[in-house]
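Spelled out, the chains give:
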Amino acid sequence: MYLSKLYPTPKSFTENEAERFTFGSSVTAAVSGLDVLTSQRVKYLWHRFSCDACELTLTEGGEDFRFTIGRGGCTLNPEDNYAVRADEAGICVAGRDKAGLLDGIKTLVQMICPVELAEGRESFYISAAEVHDAPEMGFRAIHLCVFPGTTLYRLEQAIHLAGFFKMTHVILEFWGTFRYECQPALYWEKNSYTKEELAPLVMLANSYGMEVIPMLNHFGHATQSRSCNGRHVTLNRNPRLSRLFEPDGWTWCLSNPDTYKLLSEMRAELADFAGAGGYFHLGFDEADSFATCDVCRKRVPHELLAEYVNRLTEDVCGMGRRPILWHDMFLVRDGFPEGGWVMANGYIKECYKALELLDRRIVMADWQYEYRGGYNPSTPYFIERGFDTVICPWDNLENIRTLAADVKKYGAMGLILTTWHHLENLLPEAAYWGSCAWSASERPDGVGWAESACFLRRLHDAEGSFEASGWNFCEVEK
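Residues numbered from 1 in each chain as written. Predicted model: local features only at pLDDT ≥ 70, side-chain atom pairs only at ≥ 80, totals over all residues. Heavy atoms only, no water.

Q: Help me understand the overall build of the protein chain, please; the structure alone is not making it clear to me.
A: The helix and strand tally for the protein chain stands at 12 helices and 16 strands. Its C-alpha radius of gyration of 24 Å places the protein chain within 12% of the 23 Å reference for a compact globule of 478 residues. Out of the 478 residues in the protein chain, the part that is buried amounts to 58%. Considering only residue pairs separated by 6 or more positions, the protein chain has 74% of its internal contacts joining residues 24 or more positions apart. (Helix = DSSP H or I, 4+ residues; strand = E, 2+ residues; numbered from the N terminus. Rg over C-alpha atoms; globule rule 2.2 N^0.38 Å. Buried < 20%, exposed > 50% of the residue type's maximum accessible area, 1.4 Å probe, protein only. Contact = heavy atoms within 4.5 Å.)

Q: Sorry if this is basic, but what is going on with helix H3 (residues 152–164) here?
A: Think of an α-helix as 3.6 residues a turn; residues three or four steps apart then line up on the same face. Look at H3: 18 Å from first C-alpha to last across 13 residues, which is about the 18 Å you get at 1.5 Å a residue. Of all 13 residues that make up H3, 10 are buried, and the element is covered over most of its length. Of the residues making up H3, those classed as buried are Arg-154, Leu-155, Gln-157, Ala-158, Ile-159, His-160, Leu-161, Ala-162, Gly-163 and Phe-164. Just downstream of H3, Lys-166 is the residue with a positive phi angle, here 75°. (Expected span 1.5 Å × (residues − 1).)

Q: So what exactly am I meant to see when it comes to the nonpolar core here?
A: Generally speaking, soluble globular proteins have nonpolar side chains that are buried together. Residues Trp-46, Phe-67, Phe-284, Leu-305 and Phe-330 are the most contacted members of the largest nonpolar core, which totals 139 residues. In terms of residue count, helix H6 (residues 257–274) provides more of this core than any other element does, 8 residues in total. Not counting the four nearest positions on each side in its chain, Leu-305 is found in contact with Phe-219, Leu-254, Phe-284, Phe-290, Phe-330, Cys-351 and Ala-354. Of all hydrophobic cores here, the second largest spans 21 residues; its members include Phe-147, Val-363, Ala-365 and Tyr-369. (Core = buried A, V, L, I, M, F, W, Y, C linked by side-chain atoms within 4.5 Å.)

Q: Is there a simple way to think about unusual backbone geometry in this case?
A: Most peptide bonds are trans, and most residues other than glycine sit at a negative phi. At the junction of Tyr-7 and Pro-8, the peptide bond is cis and its omega measures out at -20° in the coordinates. In this structure, Pro-8 sits in the segment before strand S1 (12–23). Phi is positive for Phe-65, which is not a glycine, with a value near 55°. Exposure remark for Phe-65: the relative accessible area of 24% places this residue in the partly exposed category. Positive phi, close to 50°, is recorded for Lys-349, a residue that is not glycine. When you line up the elements, Lys-349 lands in the loop between strand S13 (322–326) and strand S14 (363–367).

Q: Help me out: how do you make sense of the state of the cysteines in this one?
A: Chemically, a disulfide is nothing more than a covalent bond linking the sulfur atoms of two cysteines. Under the definition given, this model contains 0 disulfides. The closest cysteine sulfur to the non-disulfide-bonded Cys-296 is located on Cys-293, 3.6 Å from its own sulfur. Here Cys-392 is not cross-linked by a disulfide; its sulfur's nearest cysteine counterpart is in Cys-145, at 13 Å. On the accessibility criterion, Cys-392 (0% relative accessible area) is buried. (Disulfide = S-S within 2.5 Å.)

Q: It is not clear to me how the pattern of salt bridges should be interpreted in this structure. Could you clarify?
A: Once the charged atoms of two side chains with opposite charge are near each other, the side chains can pair. Inspection of the entire model under this criterion finds 26 salt bridges. Between Glu-136 and Lys-408 there is a salt bridge, with its nearest N and O atoms 3.4 Å apart. On the criterion of sequence distance, the pair formed by Glu-136 in the loop between strand S8 (123–133) and strand S9 (139–146) and Lys-408 in helix H9 (residues 397–410) is long-range, its members being 272 residues apart. Relative accessible area serves as the criterion here: at 24%, Glu-136 is assigned to the partly exposed category. Across the pair Asp-359 and Arg-361 runs a salt bridge whose closest N-O atoms are separated by 2.7 Å. (Salt bridge = Lys/Arg side-chain N within 4 Å of Asp/Glu carboxyl O.)

Q: How do you make sense of empty space enclosed by the protein when you look at a structure like this?
A: This model, assessed by the stated rule, comprises 3 cavities of 30 Å³ or more. Taken as a whole, the largest cavity holds about 70 Å³ of empty space. Taken together, Glu-173, Phe-174, Trp-175, Met-215, Leu-216, Asn-217, His-221, Ala-222, Gln-224 and Trp-252 form the lining of the largest cavity. (1 Å grid on protein atoms, 1.4 Å probe; cavity = no way out; pocket = protein on both sides within 12 Å on 5 of 7 lines; lining within 4 Å. Points joined across faces, edges and corners; volume = space filled by probe spheres on them.)

Q: What is the right way to look at the pairing of strand S15 (residues 388–392) in this model?
A: Walk down a regular strand and you will see the side chains alternate between the two sheet faces. Most of S15 is tucked away: 4 of the 5 residues are buried. In this sheet, S15 lies alongside S14 in parallel orientation, the contact comprising 5 bridges. Opposite Ala-365, over in S15, you have Val-390 as the bridge partner. Crossover connection from S14 via helix H8 (residues 378–384) to parallel S15: handedness right-handed. In terms of strand pairing, S15 meets strand S16 (residues 414–418) through 2 bridges, oriented parallel. What sits directly across from Val-390, in S16, is Gly-414. With H9 bridging S15 and its parallel neighbour S16, the resulting β-α-β unit is right-handed. (Pairing = 2+ DSSP bridges. Right-handed = clockwise from strand over helix to strand, strands pointing away.)

Q: Even after reading the chapter, I still don't get the environment of Pro-239, so can you show me in this structure?
A: Relative to the elements of secondary structure, Pro-239 occurs in the loop between helix H5 (233–237) and H6. Taking relative accessible area as the criterion, Pro-239 reaches 55% and is therefore assigned exposed. Between the C-alpha atoms of Pro-239 and Arg-360, which are 121 residues apart in sequence, the distance is 37 Å.

Q: Please clarify how the packing of helix H1 (residues 36–49) against helix H2 (residues 98–109) should be interpreted in this entry.
A: Each pair of packed helices gets described by two things: the angle between the helix axes and the distance between those axes. Orientation of H1 relative to H2, taken along the N-to-C sense of each, is 10°, at an axis distance of 10 Å. Viewed along their axes, H1 and H2 adopt a mutual orientation that is roughly parallel. Packed against H1, whose contacting residues are Thr-38, Val-42, Leu-45, Trp-46 and Phe-49, the element H2 presents Lys-98, Leu-102, Ile-105, Lys-106, Leu-108 and Val-109 at the interface. Partitioned by chemical class, the residues of the contact of H1 with H2 number 8 nonpolar, 1 polar and 2 charged. (Axes fitted to C-alpha atoms, helices over the stretch in contact; angles between N-to-C directions. Parallel < 35°, antiparallel > 145°, perpendicular 65-115°, else oblique. Nonpolar A, V, L, I, M, F, W, Y, C, P; charged D, E, K, R; others polar.)

Q: Looking at this structure, I do not really get the pairing of S14. What am I missing?
A: Here S14 lies mainly inside the structure; 5 of its 5 residues are buried. Side chains of S14 alternate between two faces, with Val-363, Ala-365 and Trp-367 and Met-364 and Asp-366 buried alike. Alignment of S13 against S14, held across 3 bridges, turns out to be parallel. Pairing of Ile-324 across the sheet is with Val-363, part of S14.

Read these as geometric descriptors, not functional statements.
Printed below as a string of C-alpha cells:
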C-alpha cells in the first residue's frame, strides 16, 4: 500500500504485498448501481489517486452494486457495508447499496501504488488485499456556514474532504449569502451568491453520495449575521420589515403571521435548491430576546414556542422532511449531575417547559462543546423523552472523539460536526474527524494535518492556485 494506512480505518484489512494486480495508463471496470454523477466522481477519484496518470473507463454490467476489474471477485458478509478484494487476477468492490459501493471505492483508490509516472511508461499496482467494513453510525453530517467572507473554493474543499471520508450529509447554512427570490432584503447585495453560483456545491456533495440539508434559523440568530459584529442583514437594508422580529432584531417574532409566511417561502426556496432529501435544519438556538415585543409578551412563552415549533414540524414533514432543532432552548442545567458543563438556555422565559409539548418527529441536535471523557448527561435525557438525537461537537479534538463515541454508547441517531467560523481550523483535522465519525469507538491518534493535506491535494484540484490550495490564505502571521 502506497499510503501508510487507510482512512477511515476499516474494521478488517489484510494485505499480501507479495502478490499484485498491475496496470498502466488506462483500466476498465464493470460497474452496476451507480448513476451518471457518481460514476463521474469515481473516475475522477481514480484519476487523481493515480497522480493524474491513469484513466478509468466504466462499463455497465455485473451484479448490483459491484465494481469489477479483470476477474476480480469478493464476498459481502452480512455485517458489511462494503467489501474489497484484490489479487493478481483482478479487483472487486461489493456494496450493500449504492452508498456502500461508493464507500468501498473510496477505500480502494487509496490502495493504488504508483511505480512509474513518466509519460508513456505509466505503471501502477494494487497489492493483494481484502477489506470488510461498515460504519458505527448511519447519520454522519458536517455543518458548513456560508458567510459573506466564505469563498466557494473553501466550501468545495470541505465538501470534498467530508465526502471522501464517508460523511452522509452536508448542512448548508447561509448567513445573508443566499439570494432569495421571495425578499431581496434577506441577503447582502454585494456579498452573496446566486443559486446558479451555489448549485455546483450541491452537485459536488451528491457526487460523493451525500445529501444536502438546507438550514434556516427560525428563532434566534434572525440577523443572519454574527451578533458580535452588529449587523442585521434584513434591517440594515429595510427597516420597514422590523415587525418580523423582536425589538432588538435578534429573534424572529413568533406572533406575527407575516413572519411565518416569509419563513415558509424561504424554506421552499432552500429545499428546492438543496434537492431531494429527508431533513431540514430549523436552527432554534440562543433566542435570548424571545417574547419581548408588545404582542409576544402577552402569551405564555413556552406555550407560544411549542405551538410555533409544532406548526413548523407539520409543514416540514409535509415536505417529506424531518425538522432538526438545536437543543439548548429546551434544556436547563438543574438536575444534571456534577462533573461537567451543560449547554442549556431553557431558563430564558422558561422555554424548557415546551419540551414535553413538542412533536416527537423532531430530531434534537445536542450541541455540547465542553463534553469530554465520557461525560454526557443531555443526550440520554433527550433520547429517554422520545427524541431521535444527533450529537454535535465543534473543533476540540477530544470533544469530537468523545461525542462520536457517545453516539454508539447511547444509541443516538448520529453526529453533526459543526464548523461555524472555524472552518479553516477543521480542514487540517479532516482525517481525524472523518475517522471518528466512521468508527465511533476508535481513537485516531497520530492523524493530523499532513494526512488531510495529502488527501486535499488529491481531491480538490486547485489548478496551481495559491489561494485555492491548502486551507489558510496567508503564509506569514501578522
